Amino acid sequence: MANVAVIGAQWGDEGKGKVVDWLASRADVVVRFQGGHNAGHTLVVGDQTYKLSLLPSGLVRGKLGVIGNGVVVDPDALLSEIARVTAQGLKVTPETLRIAENAVLILPLHPALDKAREEARGAAKIGTTGRGIGPAYEDKVARRAIRVADLAEPETLSHKLDELLLHYNTLLRGLGVAPFEKQALLDGLLKLAPQILPFAEPVWERLDELRRSGKRILFEGAQAVMLDVDHGTYPFVTSSNTVAATASSGAGVGPNAVGFVLGIAKAYSTRVGSGPFPTELSDEIGQLLGDRGHEFGTVTGRRRRCGWFDAALVRQAIKVSGIQGLALTKLDVLDGLKELKICIGYRIDGAFSRHLPAAPGAQAAAVPEYETMEGWSGSSRGARSWADLPARAVKYVRRIEELVEAPVTLVSTSPERDDTIMVRDPFEG
Ligand code: GDP
Ligand code: IMO
Ligand code: MG
């Protein structure tokens, strides 16, 4: 099995960037297939820390990066990120980065509406990243989005902007926000066009050629299954499908090209925005996990909510996404805790459920049922083999495997690239 898809199995920030960077040494090309610059992937390589939002993490290894059609691209954000990582010594040119010509663009009116709607929701807000992701995907399915290829056609841009503004300015005025002017938006796009178009191409064709010449593709997911617009804790989700199947439609390859599906989960749980989080800890243990795990959103700077590992939820993510192996990250954050809890299901109105139901009321009412395990006193930080791990840490990992009904094929024990235990090479299937 030549290709691998890496996807988050919780609510994001599981360490996908670190795992993709580590696996990229075995791949020829790394492809982003959904999401946008709402993602924040942190990679630590020696004394350098790279924070990537839109760029595929394989660029750090000098691997070809592809932004697929399923991604929503903010051209300003992309150019700033390219400038930022170029200053760190990475090479991002049309030779190293290709962008799908049919990817949807995020324009300044998208974050404006995203933020205005969140403000209007008040306490019921989703807690979005405010980057215009939702509105951009809405425009895509409403068939009014401006796409990368449109940048080459000023006439197309002009009449698409008319349609967009009719929609957006009506909404923005209603929300008390100043409307956008067509000429300023058009001028902005025409200025960006010569900087973006050299990266654009039908990436499906390149991926087809790469596949036929036996090259290995690594699909890099953003967000996670519990933020998937269908399978997540709706409506507290992002606006794209994040499950592994999206790697196919979001890159322009067949479902048989996706390969091994590697799910990433932290050894505990975190969540950035609002919404149900059954195992959330509002006590000093939650505080400790947040401090030790440096749980601050890369994109938002907000403190992440923390809680115990939810095996019922991860099992659900594994089933709906076809995850074949699990990479368990941040095991080191649990070092020294006397007692660990793992959620095995929920009590909802007196009845036990092995999964989190879809209705928001039931999700909010779900009380976790825990299994308790003894913690370990030694250190797992920096471990690179099973033998380096305390025996009770191994026991914890084994119990997780049983409960989620999938093998743990990789363990991560620090932010550093090489502090990783590979049990099974996902590229070998
Ligand atoms: P992503 O969005 O899934 O790529 O994850 P983020 O990069 O947003 O968040 C994961 C954070 O945990 C980053 O700061 C990583 O450097 C860090 N990290 C990744 N793996 C480990 C690990 O095994 N142990 C520790 N302590 N930190 C890790
Ligand atoms: P990575 O790839 C964690 C969350 C937001 C909010 C919800 C909707 O780093 O794991 P959006 O701006 O997408 O409309 O926000 O989704 N969210 C993330 N949470 N990690 C992410 O990405 C996220 N991307 C979006 O906090 O709750
Ligand atoms: Mg992140």
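Please read all numbers here as calculations on a predicted model, not as lab measurements.

Participant: A description of the site of ligand 2 should follow, citing residues and the corresponding values.
Facilitator: Neighbouring ligand 2 are 20 residues; Asp13, Lys16, His41, Thr129 and Thr238 lie closest to it. Between ligand 2 and lysine 16 there is a distance of 2.7 Å, counted from an oxygen atom to a side-chain nitrogen or oxygen. Between ligand 2 and threonine 129 there is a distance of 2.6 Å, counted from an oxygen atom to a side-chain nitrogen or oxygen. Summarising the interface, the protein chains cover 97% of the accessible area of ligand 2, which totals 550 Å² for the free molecule. When atoms are counted within 2 Å of each cavity's grid points, the one that captures over half of ligand 2 is the largest pocket.

Participant: Now, about the pattern of salt bridges: what can you tell me, with residues and values included?
Facilitator: Taken as a whole and assessed by the stated rule, the structure comprises 29 salt bridges. Residue arginine 417 is joined to aspartate 21 by a salt bridge in which the shortest nitrogen-to-oxygen separation is 2.7 Å. In this pair, arginine 417 is assigned in the loop between strand 19 (408-412) and strand 20 (420-422) and aspartate 21 in helix 1 (residues 16-23), connecting sequence segments 396 residues apart. Side by side, arginine 417 and aspartate 21 carry an identical accessibility label, which is buried. The partner of glutamate 371 in a salt bridge is arginine 399, and the shortest N-O contact between them spans 2.5 Å. Of this pair, glutamate 371 sits in strand 18 (residues 367-374) while arginine 399 sits in helix 12 (residues 391-404), and the two are 28 residues apart along the sequence. Each of Asp13, Lys266, Glu295, Arg304 and Lys330 takes part in a single network of salt bridges with overlapping partners.

Participant: Can you tell me about the coordination of the magnesium ion (ligand 3), naming the residues and giving the values?
Facilitator: Where a metal carries four tetrahedral donors, each ideal angle is 109.5 degrees; where it carries six octahedral donors, the ideal angles are 90 or 180 degrees. The magnesium ion (ligand 3) binds to the protein through Asp13 (OD) and Gly40 (O), with metal-donor distances spanning 2.0 to 2.1 Å. Taken together, the positions of aspartate 13 in the loop between strand 1 (4-8) and helix 1 and glycine 40 in the loop between strand 2 (29-32) and strand 3 (41-45) put the pair 27 residues apart, joining distant regions of the chain. Given the relative accessible area of 13%, glycine 40 is considered buried.

Participant: Outline the packing of aromatic side chains, listing residues and values.
Facilitator: The tally for this structure, following the rule as stated, stands at three aromatic pairs. With a centroid separation of 6.5 Å and an interplanar angle of 70°, the aromatic rings of phenylalanine 33 and phenylalanine 219 are classed as edge-to-face. Residue phenylalanine 33 is located in the loop between strand 2 and strand 3, and its partner phenylalanine 219 is located in strand 10 (residues 217-220); the two are separated by 186 residues in the primary sequence. For the pair shown, phenylalanine 33 and phenylalanine 219 are each scored as buried. Relative to tyrosine 396, the ring of tryptophan 376 has its centre 5.8 Å away and its plane inclined at 55°; by these criteria the two rings are tilted. Within this pair, whereas tryptophan 376 is found in the loop between strand 18 and helix 12, its partner tyrosine 396 is found in helix 12, the two being separated by 20 residues in sequence. A cation over a ring is seen here: arginine 398 above tryptophan 386, with NZ or CZ 4.6 Å from the ring centre.

Participant: Lay out the pairing of strand 16 (residues 339-348) with the relevant residues and their values.
Facilitator: In terms of strand pairing, strand 14 (residues 309-310) meets strand 16 through two bridges, oriented parallel. Each bridged residue has a counterpart across the sheet, and for phenylalanine 309 the counterpart in strand 16 is isoleucine 342. The pairing of strand 16 with strand 18 spans eight bridges and is classified as antiparallel. By the bridge assignment, leucine 340 is partnered in strand 18 with methionine 373. Pairing of strand 16 with strand 17 (residues 351-353) involves three bridges; the strand directions are antiparallel. Each bridged residue has a counterpart across the sheet, and for arginine 347 the counterpart in strand 17 is phenylalanine 352. Counting the residues in the hairpin turn of strand 16 and strand 17 gives two residues, including aspartate 349, whose phi is positive at 50°.

What counts as what
- Residues numbered from 1 in each chain as written.
- Chains lettered and ligands numbered in written order.
- Predicted model: local features only at pLDDT ≥ 70, side-chain atom pairs only at ≥ 80, totals over all residues.
- Heavy atoms only, no water.
- Near = heavy atom within 4 Å.
- Polar contact = N/O pair within 3.5 Å; in protein donor to acceptor, adjacent residues only side chain to side chain.
- Areas by Shrake-Rupley, 256 points an atom, 1.4 Å probe, with all protein chains shown as cover.
- 1 Å grid on protein atoms, 1.4 Å probe; cavity = no way out; pocket = protein on both sides within 12 Å on 5 of 7 lines; lining within 4 Å.
- Sits in = over half its atoms within 2 Å of the grid points.
- Salt bridge = Lys/Arg side-chain N within 4 Å of Asp/Glu carboxyl O.
- Helix = DSSP H or I, 4+ residues; strand = E, 2+ residues; numbered from the N terminus.
- Buried < 20%, exposed > 50% of the residue type's maximum accessible area, 1.4 Å probe, protein only.
- Donors = N, O, S within 2.8 Å, 3.2 Å for Na, K, Ca; no water.
- Phe/Tyr/Trp six-rings, centres within 6.5 Å; stacked < 30°, edge-to-face > 60°.
- Lys NZ or Arg CZ within 6 Å of the ring centre and 35° of its normal.
- Pairing = 2+ DSSP bridges.

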